[in-house]
Amino acid sequence: MSLSYRGHRPVLLADFSRMAPDQVSVYVDLTAGGGGHAEQIARRYPAARLILIDRDKEAVARLREKFAGMERVTVVHGRAGEVDKWLFLLKVRKADLIFADLGVSSYQLDDPARGFGFKSDAPMDMRMDTTTGETALDLIKRLTEKELQDILSSYGEERESRTVARALKKAAAEGKRTVKEFRDAIAAAKRFRPARIDPATQTLMALRIAVNDELGEVERMLERAYVSLAPDGVLGVISFHSLEDRLVKRFFVDRRGQVPLPKPFDDLPPRPVTVLKAVRPTEEEVLVNPRSRSAKMRVLVRN
Ligand SMILES: C[S@@+](CC[C@H](N)C(=O)[O-])C[C@H]1O[C@@H](n2cnc3c(N)ncnc32)[C@H](O)[C@@H]1O
């Protein structure tokens, strides 16, 4: 197992470690990425079984290499929203610790060929799983201007969503293909330019969220991870976007006090679920790892 976090620093690693239960027989990482969080679990629980899921086949290849030779580690190319299916296929009944660190990894952001960065000469793709689904360019071509506008304003809070949607449709009709071409079209169309960020930042993030159905995935993932938790299990989620965080918060709060007891006690009042206070990175962590800036971790414990 490689020891370095080359190119990707796990976010909120110390807090992640603190929330882990004393005993872990099965750990499920729903968004394993570079395997930083998983590596810490592998070290701390030398007998634990680790199921590492990622929808990006390049991440899966990297994870297989990183954990090569460790029979207790299974790496799955799949979606977090299907975690119950993967556990069933792997004959794993319940997990003691389930974790998701949402969004894109530094590997994805830093690889210009993937089209996540706005200076990229790569095609407008933005799929985390390049083996399936529509690219960002397909999406721009298929949706109406109004549908695009709605995506930009709800997922990206883009104030000039109408202007930008029109610019995107025009650029696609003119045969523009690369992220940089679309970025330049957005920058040219917008009247107001935010001072500190690129004018295309919110639009590209909104398109990425739509291309990968990131919010739908969070909803499915939470439902299915929750039913896969062992009785004293812990579910932790790090989100980077207020819309994701809102889904996590609502899901956790809704489940407080709602764990049904197993038969024959199922007619008794359900046992409580504890929802811990959300954790944000310290100033020191943000300095060392700027990607952590908008991270928020929420933790639910079935107790
Ligand atoms: C922020 S990175 C995870 C980093 C990881 N915790 C580490 O320590 O290296 C997010 C990863 O989750 C994957 N991902 C995002 N949404 C996913 C989903 N719904 N299902 C499976 N993988 C997902 C991405 O492909 C990416 O590799």
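Worth saying up front: this structure is predicted, and the values here are computed from it rather than measured. Each chain has its residues counted from 1, following the order in which its sequence is written. Side-chain atom pairs in this predicted model are given and counted only at pLDDT of 80 or more, local residue features only at pLDDT of at least 70, and totals for whole chains, interfaces and linings cover all residues. By convention in this description, side-chain values take in all heavy atoms of the structure and omit both hydrogens and water.

### Focus: the overall build of the chain
Thought 1: Each helix is a run of H or I in the DSSP string that is no shorter than four residues. Each strand is a run of E no shorter than two, and both are numbered from the N terminus. Broken down by element type, the chain carries 13 helices and seven strands.
Thought 2: The globule rule puts the C-alpha radius of gyration for 303 residues at 19 Å, and the 20 Å found for the chain is close to it.
Thought 3: Each principal axis of the C-alpha atoms in the chain carries an extent, and together these give about 65 × 45 × 40 Å.
Thought 4: For the exposure calls, accessible area comes from a 1.4 Å probe over protein chains only, and a residue counts as buried if that area is under 20% of its type's maximum, exposed if over 50%, partly exposed in between. Burial status across the chain gives 53% buried among its 303 residues. When we talk radius of gyration, it's over C-alpha atoms, and the globule rule is simply 2.2 Å times the number of residues to the 0.38.

### As for the packing of helix H8 (residues 161-173) against helix H9 (residues 179-189)
How two helices sit against one another is set out by the angle between their axes and by the gap between those axes.
Thought 1: To get an axis, fit a line to the C-alpha atoms, keeping to the stretch in contact for a helix; angles then go from 0 to 180 degrees between the N-to-C directions. For the pair H8 and H9, the least separation of the axes is 9 Å and the interaxial angle reads 140°. In terms of axis orientation, H8 runs oblique to H9. In this structure, the crossing between H8 and H9 has a hand that is right-handed. Residues Thr163, Val164, Ala167, Leu168, Ala171 and Ala172 of H8 lie in contact with H9, whose contacting residues are Phe182, Ala185, Ile186 and Ala189.
Thought 2: Ten residues, namely Ala, Val, Leu, Ile, Met, Phe, Trp, Tyr, Cys and Pro, are considered nonpolar, four, namely Asp, Glu, Lys and Arg, are considered charged, and the remaining ones, Gly among them, are considered polar. For the contact of H8 with H9, the per-class residue count stands at nine nonpolar, one polar and no charged. To sort the angles, those under 35 degrees are grouped as roughly parallel, those over 145 as roughly antiparallel, those from 65 to 115 as roughly perpendicular, and the leftovers as oblique. Note: crossing handedness is left-handed where the near helix turns anticlockwise from the far helix by less than a right angle, and right-handed where it turns clockwise. Pairs of residues are marked as contacts when any of their non-hydrogen atoms sit within 4.5 Å.

### With respect to the site of the ligand
Thought 1: With respect to spatial proximity, 25 residues lie near the ligand, and among them His37, Asp54, Ala80, Asp101 and Glu217 are the closest.
Thought 2: Identification of polar contacts relies on pairs of N or O atoms within 3.5 Å, with a donor-acceptor requirement for protein atoms, meaning one able to donate a hydrogen and the other able to accept it, and with residues adjacent in sequence counted only if both atoms are side-chain atoms. Between the ligand and the protein, one listed contact pairs a nitrogen atom with a backbone N or O atom of Arg55 at 3.1 Å.
Thought 3: In the model, a nitrogen atom of the ligand is placed 2.7 Å from a nitrogen or oxygen of the Glu217 side chain.
Thought 4: Protein contact buries 98% of the 610 Å² of open area that the ligand shows by itself.
Thought 5: Looking at the shell around the ligand residue by residue, the classes come out as seven nonpolar, eleven polar and seven charged. Residues are classed as near a molecule or strand on a simple rule: at least one heavy atom within 4 Å of it. Each accessible area is a Shrake-Rupley estimate made with a 1.4 Å probe; only the visible protein chains count as cover when residues are assessed.

Interpretation note: all reported values are geometric properties and have no functional meaning in isolation.
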